[in-house]
Amino acid sequence: MKLQNMFQKSIDRSINGVIKVMQTDDENRRQELEEYVITRELQKHFGAFYDQYEKGVEGTTDKIGVWISGFFGSGKSHFLKILSYLLANEEVCGKKAIDYFADKFDYDPYRYEMMRRVAQTPTEVILFNIDAKSPMGKDRDAILRVFTKVFYEHCGYYGDDLKVAAFERFLDRQGKLAAFKTAFEQINTEPWETAREAFAFWEDDVTAALTQTTGISDQAARNWFNGTETAEISIDRLAKEIAEYVQSKAPNFHLVFLVDEIGQYIGDDSSLMLNLQTVVEELGSKCMGKVWVIVTSQEDIDSVTHVKGNDFSKIQGRFNTRLSLSSASVDEVIKRRILSKTETADTLLRLNYQQNSSVMRNLFSFAPGTIADLKGYSSEDEFVEAYPFVPYQFKLLQEVLVQVRKHGSSGKHLSGGERSMLSAFQEAAQQVKLQDENCFVPFYCFYDTVHTFLDGAVRRVIDRADRAAQEACLTAGGSAVVFPAGRLLDCPAPANVLYLADQGNDLPFSAQRALARNHFIHAMGEKTLVAQCRAGTGGTWDGTTENLRHGWNPVFVNSDGSEGAQALIARGAAPVRTLSSLDDLQPVQLQF
């Protein structure tokens, strides 16, 4: 059975590896809800959140702050977005959001029933990335202005200009906003929603529509239009306006602000932290559990609230619910989102494991002293869940991505959490999707995910190593046959070099092709000399052992005492111990 036919969902389907809070089209929402994995860690977090949130549904509370922390890639933005879907409980592709979670909480029917009860509470959510909504000049009241802007936009007002928003709010409370919009469009011919962006240019049209709608004089309308007030707002006034909005809705109506990356936005600015503290405090006291503020941060609240040596203990009380996400369960997410098997594949793999478990235990064994969570398959179930990957690869790739981020600016957006890991494992599986059930994904297949994020200096070392043998051969007056790992058309064309491609001359770089070309190099040569090789891993090892197995040509290895050289000699390669013996390896000069 081909690997691509083993998975319940197509390995080639589009998976959004990076969650964007503003990406809310129906198809994306459906996939996010349908494929969201409730790990053991998330079970606890959902429980802690709903236990606290239910207090505002069933009664009153002023502890309306939720602080979600987690390092880059831990899934905090995804968790925030899923909460927004569940609380709003809108229909997504013909199905209520909460209904997508029925089978995800079959381990705890009581918890799901409570979530369903909460979802029936009339709720509106305002989900946003605070940096995207922030004004250009970030001052001590920046968080207040962002909250005001997103609230006014949610109400349908123009949040980018508080004077215009206050004008619209006034007309709305008078019940005349719709009439004003109609009158303005009849006069200006452009809808108010688009024309208001250039509000200052439409004095005649605005005043005419205003006098027509409200009955005030033209002079009074122009006095207001040309007034210099900017409708600055205080935290107290904003909290009162939000409370009025909530009270104007259905009984027990809830409004939830979900703010992504608040910790990064605050940084070490104590005034912004105090601004956030006051906003949450006022909303808690005036709305008593009907308005909530849920934020995410790369740091836990204890780290952020000690900025510049100050201890804001009060805000810690406001954010009474604190959820800390890690990437510890990323393998669980990958296994369930990407690697879930069909019944036929499940049966086949179990039979395969029963027949070959002892071989696999020997193949994937680690020396004493190796990190404890680098391991092979511990059971038949683990083999079925992880195949075609090996358990140690989940932990090892996380470590690789962490080091790439740490040592190179290009990889700063890579994460060891579910974002980059999902993409890496999907892309690696795609490389071997046409293989059968006896294939494992070698670790080098992950190179494609990270190689473009390596710093230029690192890539240059790899590129030079790749060309070293070719250049040495040409310098000595020889000729070279080369299988490039990248596009054939990008290669220079020096004399005495023949470039060959096994699949096509315009294919981009691929780690799989870079490693697989070793087989062609061995198969075309009259004799093969292995200068250096690591035991059990890499393309040189794969190509050489394949050559020894099939006998394509005589294999010689530099006997440098390394484990790789000794292993190849044990498999039948001839040792080369002195430089003079290289004369015996000279093949007949290739003619071009």
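> Which parts of the structure should I look at to understand the overall build of the chain?
For the chain, the helix and strand inventory stands at 26 helices and 12 strands. A buried classification covers 47% of the 592 residues belonging to the chain. Approximately 28,500 Å² of the chain is accessible, and the part contributed by carbon and sulfur atoms is 50%.

> Is there a simple way to explain the confidence of the model for the chain in this structure?
A low pLDDT means the predicted coordinates there should not be read in detail. Model confidence for the chain is summarised by a mean pLDDT of 84, while 83% of its residues fall at 70 or above. Averaged pLDDT values for the elements of the chain fall to 63 in helix α15 (residues 301–304) and rise to 96 in strand β5 (residues 254–260). This model gives residues 410–418 a pLDDT under 50, and the stretch forms 39 contacts once residues within four places in sequence are excluded. The low-confidence segment residues 587–592, where pLDDT is below 50, has 12 contacts with residues more than four positions distant or belonging to other chains.

> Even after reading the chapter, I still don't get a nonpolar patch on the surface, so can you show me in this structure?
A surface patch of nonpolar side chains, amounting to about 230 Å² of accessible area, comprises V481, L498 and M524. Position of M524 relative to the elements: it lies in helix α24 (residues 511–524). According to the relative accessible area criterion, M524 is partly exposed, its value standing at 49%.

> I would appreciate a short explanation of the nonpolar core in the present structure.
Where a protein is soluble and globular, its nonpolar side chains tend to be buried together. F46, Y50, F101, I242, L255 and F257 are the most contacted members of the largest nonpolar core, which totals 95 residues. Among the elements that make up this core, the one with the highest residue count is helix α6 (residues 142–155) (nine residues). Every residue in contact with I242, bar those within four places of it in the chain, is listed here: F151, L255, F257, L283, C287 and V291. Formed by 38 residues, the second largest nonpolar core is a distinct cluster that contains I338, Y377, F394 and A424.

> I would appreciate a short explanation of the pairing of strand β7 (residues 321–325) in the present structure.
Looking along a regular strand, one sees side chains alternate from face to face of the sheet. Here β7 shows one buried face, formed by T321, L323 and L325, and one open face, formed by R322 and S324. Note: strand β1 (residues 65–70) against β7, five bridges, orientation parallel. When the sheet's bridge partners are listed, I68 is paired in β7 with L323.

> When you look at the packing of aromatic side chains in this model, what are you seeing that I'm missing?
Evaluation of the coordinates by the stated rule reveals 40 aromatic pairs. Ring geometry for F167 versus W192: centroids 6.3 Å apart, planes at 70°, classification edge-to-face. Here the residue F167 occupies a position in helix α7 (residues 162–173), and W192 occupies one in helix α9 (residues 192–195), the gap between them amounting to 25 residues. Judged by its relative accessible area of 6%, F167 is buried. The exposure class of W192 is buried, given its relative accessible area of 1%. Three or more aromatic residues joined by ring pairs form one cluster here, namely F167, F180, F184, W192, F199, W224 and F225. Across from the ring centre of F101, 5.6 Å away, lies the NZ or CZ of K104, which sits over that ring.

> Any chance you could explain unusual backbone geometry here in plain terms?
For residues besides glycine, phi is generally negative; the peptide bonds are generally trans as well. Cis geometry is adopted by the peptide bond preceding P388, which originates at Y387 and carries an omega value of 10°. Looking at the secondary structure, you find P388 in the loop between α19 (380–386) and α20 (391–407). Phi at M288 takes a positive value of approximately 50°, unusual for a residue other than glycine. Relative to the elements of secondary structure, M288 occurs in the loop between α14 (270–287) and β6 (291–297). In this structure, N496 takes a positive phi of about 65° despite not being glycine. Using a relative accessible area of 41% as the deciding quantity, one classes N496 as partly exposed.

> Help me understand the packing of helix α10 (residues 203–214) against helix α11 (residues 218–225), please; the structure alone is not making it clear to me.
When two helices pack together, you describe them by how their axes are tilted relative to each other and by the distance separating the axes. Running from N to C, α10 and α11 cross one another at 130°; their axes reach a closest spacing of 9 Å. One finds that α10 runs oblique with respect to α11. Where α10 crosses over α11, the handedness of that crossing is right-handed. On α11, the residues touching E203, D204, V206, T207, L210 and T211 of α10 are D218, A221, R222, W224 and F225. Per-class residue counts for the contact of α10 with α11 are five nonpolar, two polar and four charged.

> Mind showing me how you'd approach the state of the cysteines here?
Linking two cysteines covalently through their sulfur atoms gives a disulfide. Within this structure, the stated rule accounts for zero disulfides. C439 forms no disulfide, and the closest cysteine sulfur to it belongs to C445, at a distance of 7.9 Å. Owing to a relative accessible area of 13%, C439 belongs among the buried residues under this scheme.

> Quick question: what am I supposed to make of the packing of helix α2 (residues 40–58) against helix α3 (residues 76–88) here?
Interaxial distance between α2 and α3 falls to 13 Å at its minimum, and their mutual angle equals 45°. By the criterion of interaxial angle, the relationship of α2 to α3 is oblique. Along this stretch, α2 crosses α3, giving a crossing that reads as right-handed. In this structure, α2 contributes L42, H45, F46, F49, Y50 and Y53 to the contact, and α3 contributes F79, I82, L83, L86 and L87.

Conventions used here
- Residues numbered from 1 in each chain as written.
- Predicted model: local features only at pLDDT ≥ 70, side-chain atom pairs only at ≥ 80, totals over all residues.
- Heavy atoms only, no water.
- Helix = DSSP H or I, 4+ residues; strand = E, 2+ residues; numbered from the N terminus.
- Buried < 20%, exposed > 50% of the residue type's maximum accessible area, 1.4 Å probe, protein only.
- Areas by Shrake-Rupley, 256 points an atom, 1.4 Å probe, with all protein chains shown as cover.
- pLDDT = per-residue confidence, 0-100.
- Contact = heavy atoms within 4.5 Å.
- Patch = residues over 30% accessible without salt bridge, like charges linked within 9 Å, V, L, I, M, F, W, Y side chains within 5 Å.
- Salt bridge = Lys/Arg side-chain N within 4 Å of Asp/Glu carboxyl O.
- Core = buried A, V, L, I, M, F, W, Y, C linked by side-chain atoms within 4.5 Å.
- Pairing = 2+ DSSP bridges.
- Phe/Tyr/Trp six-rings, centres within 6.5 Å; stacked < 30°, edge-to-face > 60°.
- Lys NZ or Arg CZ within 6 Å of the ring centre and 35° of its normal.
- Axes fitted to C-alpha atoms, helices over the stretch in contact; angles between N-to-C directions.
- Parallel < 35°, antiparallel > 145°, perpendicular 65-115°, else oblique.
- Left-handed = near helix turned anticlockwise from the far one by under 90°.
- Nonpolar A, V, L, I, M, F, W, Y, C, P; charged D, E, K, R; others polar.
- Disulfide = S-S within 2.5 Å.

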